[in-house]
Amino acid sequence: MATKVTADKATVADHAAKVAEDRTAAETAAQTAQAVADSLPDDYVTAVGKIAENTAEIANVKLTDKELQRRVNALYSIGQGITHQFETDTDTAYQKTVPTGAKLMSVKNIGGRSIVFNQIFQPRKEANNGATVTADSDGMITINGTTTASYINFRDVTPEQNKVGKYAFKSLILNNPDSISMKFSFLNRSQSTPAITSGSSAVIYNQTQSEISLGKATGISGFAVGTVFNDVKIKIQIFDLTTMFGAGNEPSTVEEFEKMFPADYYPYNAGEIISAGTEEIVEQGKNLFDIEKCVSLVPYYGFEIDTNKTLKIALKDKKTCPTGVSFGIVYIFHDNTMANWLITSKGVVGAITDSSTMVGATQVMVACYPGNKETMQSIADAFDIMLVDGIYKSDTMPAYAPFHRNEYPIPETIKALSGYGIEGNVTDYEAKTYTQNNTIDGTAIKALDTPIVTDISTLIPDDFLRNIEVEAGGSVIFKNSNDNYHIPVPSEEEYIVKLSEVGGTT
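Residues numbered from 1 in each chain as written. Predicted model: local features only at pLDDT ≥ 70, side-chain atom pairs only at ≥ 80, totals over all residues. Heavy atoms only, no water.

(A) Up close: the sheet that holds strand β31 (residues 475-479). Taken in spatial order, the four strands of this open sheet run β3-β31-β16-β26, and their pairing is antiparallel. A strand with exactly one partner marks an edge of an open sheet, and here the two such strands are β3 (95-97) and β26 (405-409). Sheet twist, expressed as the mean angle between neighbouring strand axes with direction ignored, is 15°. As paired elements, strand β16 (residues 280-284) and β31 share five bridges and run antiparallel to each other. Each residue of the ladder has a partner; that of Glu280, found in β31, is Lys479. (Pairing = 2+ DSSP bridges. Helix = DSSP H or I, 4+ residues; strand = E, 2+ residues; numbered from the N terminus. Axes fitted to C-alpha atoms, helices over the stretch in contact; angles between N-to-C directions.)

(B) Expanded view of the sheet that holds strand β13 (residues 217-221). The strand order across the open sheet built from three strands is β9-β13-β11, with neighbouring strands paired in antiparallel fashion. The strands lining the two open edges of the sheet, one partner per strand, are β9 (151-156) and β11 (183-186). Going across the sheet, the axis of each strand differs from the next one's by a mean of 25°, ignoring polarity. For β11 and β13, the ladder comprises four bridges, and the chain directions are antiparallel. Along β13, the bridge assignment pairs Ser185 with Gly219.

(C) The environment of Gln119, seen in detail. As for its position among the elements, Gln119 is in strand β5 (residues 114-119). When its relative accessible area of 0% is taken as the criterion, Gln119 is described as buried. Through-space distance from the C-alpha of Gln119 to that of Ala270 is 6.5 Å; in sequence the pair is 151 residues apart. Contacts of Gln119, omitting those with residues within four sequence positions, involve Ile236, Gln237, Ile238, Phe239, Tyr265, Tyr266, Pro267, Tyr268 and Asn269. (Buried < 20%, exposed > 50% of the residue type's maximum accessible area, 1.4 Å probe, protein only. Contact = heavy atoms within 4.5 Å.)

(D) Structural detail: unusual backbone geometry. Across the junction of Val298 and Pro299, the peptide omega takes the value 5°, indicating a cis bond. Position of Pro299 among the secondary structure elements: in the loop between β17 (295-297) and β18 (300-304). Residue Pro370 is reached from Tyr369 by a cis peptide bond, and omega for that bond is 0°. The topology assignment puts Pro370 in the loop between β24 (363-369) and α8 (373-382). The phi torsion at Lys432 lies on the positive side, around 60°, for a residue other than glycine.

(E) Examining the pattern of salt bridges more closely. By the definition in use, this model includes 19 salt bridges. With a closest N to O distance of 2.9 Å, Glu471 and Lys286 form a salt bridge. Remark: Lys286 occurs in the loop between β16 and β17 and Glu471 occurs in the loop between β30 (468-469) and β31; sequence separation between them is 185 residues. The burial state of Glu471 is the same as that of Lys286; both residues are buried. Each of the salt bridges in this network shares a partner with another, and the network as a whole consists of Asp89, Lys96 and Glu493. (Salt bridge = Lys/Arg side-chain N within 4 Å of Asp/Glu carboxyl O.)

(F) Layout of helix α5 (residues 66-79). Between its terminal C-alpha atoms α5 stretches 20 Å, which fits the 20 Å expected from 14 residues at 1.5 Å a residue. Burial in α5 covers these residues: Gln69, Arg70, Val72, Ala74, Leu75, Tyr76, Ser77, Ile78 and Gly79. Positioned one or two residues after α5, Gly81 has a phi angle of 95°, which is positive. (Expected span 1.5 Å × (residues − 1).)

(G) The arrangement of the nonpolar core in detail. In this structure, Phe117, Phe261 and Tyr429 are the most contacted members of the largest nonpolar core, which totals 47 residues. For this core, the element with the most residues is strand β4 (residues 102-111), which contributes four residues. Dropping the residues within four chain positions of it, Phe261 is found in contact with Ile115, Phe117, Met244, Phe245, Tyr266, Asn484 and Tyr485. (Core = buried A, V, L, I, M, F, W, Y, C linked by side-chain atoms within 4.5 Å.)

Below you can see the structure in the form of structure tokens.
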């Protein structure tokens with residue numbers, strides 16, 4: 001049975017009866033139950049046995065926001081006198097966010113994931129429309145000459161590219177001394193990468209039956225007749241997403257695709273099955289400022305970030321700001337370097353900034369100047385530095401917590417099991433079994449006639465991946481052997497959750 005509040009039963013029962021009426025009543029019940037919500041020992045490992053084996057259910061609550069639904073559920077349970085409960089996460093993901101109120105996590109099982117990875121654009125030497133195009137074995141395209149048209153052909157669309165389905169196009173500009181604006185596409189078809197002068201751009205292209213009969217040339221366009229290309233260097237990539245993931249399972253946005261494939265460039269690959277076997281589980285807090293990650297970014301020192309980050313600093317007690325230094329978010333946009341400094345030679349000039357306005361920048365970084373390790377260390381010694389995912393204002397920014405990261409390698413004996421990492425094969429760390437359902441036969445996944453179940457109890461410690469301390473708002477990452485492939489894998493985690501923190505009453 002669930003752990004119940006025994007003190008002030010009449011009050012708790014009265015509040016619980018009102019909770020079903022609306023969310024306001026739930027808030028009232030939560031406030032009344034607050035004192036007992038903190039009664040469970042801080043030693044959550046010891047407390048596991050005291051937590052409910054079955055949790056309260058709420059029917060007929062029609063909410064679309066997952067976190068709001070959790071909050072209402074938590075408030076209802078608090079009104080019933082329940083302080084902590086189990087929650088499970090069964091989403092398929094490469095990285096998961098630790099839910100609000102979570103204290104401990106146990107990994108119940110992890111499955112394999114297989115995709116048909118491909119990158120089906122191969123450049124070749126061309127000469128057309130006044131331009132000379134050369135191609136290197138590493139995919140580099142070099143363009144010279146004065147154009148006689150507003151486009152340059154590269155090569156014909158291949159049969160592999162000329163199918164109904166979803167594709168990702170990606171263009172990468174590596175040298176463009178005159179800042180020529182250009183975009184890549186199947187010329188005369190409906191979609192192209194956004195026009196850029198530097199950096200990279202991509203588009204998800206849903207190619208229809210009517211389009212595969214249109215112009216069959218690949219190339220760049222978007223510039224005027226008479227444009228002079230002077231040693232312009234670019235790389236082009238085309239990914240067949242339907243072949244890669246299966247019809248209906250393709251990523252729908254560029255952001256979703258680039259989360260899985262974060263590298264700037266992937267070499268030509270006609271198509272091969274790759275399997276994402278989890279090699280280690282990384283538990284990390286919500287603070288992403290890792291001073292050990294900093295490197296020289298001449299003339300600065302720091303590390304690169306994306307455009308969905310917020311940075312906040314607070315001077316530590318009895319510390320003073322270093323002199324003659326700068327610190328903040330630096331970005332390069334249209335070959336110009338700009339910065340949102342929080343610290344300058346004048347001292348502290350701001351407490352919080354974010355990277356949301358830097359979309360389109362070729363490089364965004366948290367950095368210091370002068371660009372050396374000693375400068376960054378002096379700043380970190382004087383300030384609590386908080387870098388988080390998401391865009392926040394000062395009053396909504398998560399509370400400071402020091403950076404931490406814990407890694408839990410999968411034992412070699414588990415990774416050596418036949419078919420480990422292949423789609424459909426599952427390592428159950430709770431039942432201590434490994435089930436092989438599939439194997440790879442050439443370029444296809446083949447089901448075994450009879451699944452093979454292996455007892456792994458002697459291959460892992462009894463407490464392996466059990467009761468791992470976690471930080472709400474942090475992350476759990478299922479890393480495979482290649483950091484260029486962030487492929488989502490099926491998994492199930494069980495969290496011990498303090499309900500008063502979910503319900504917003506603490």
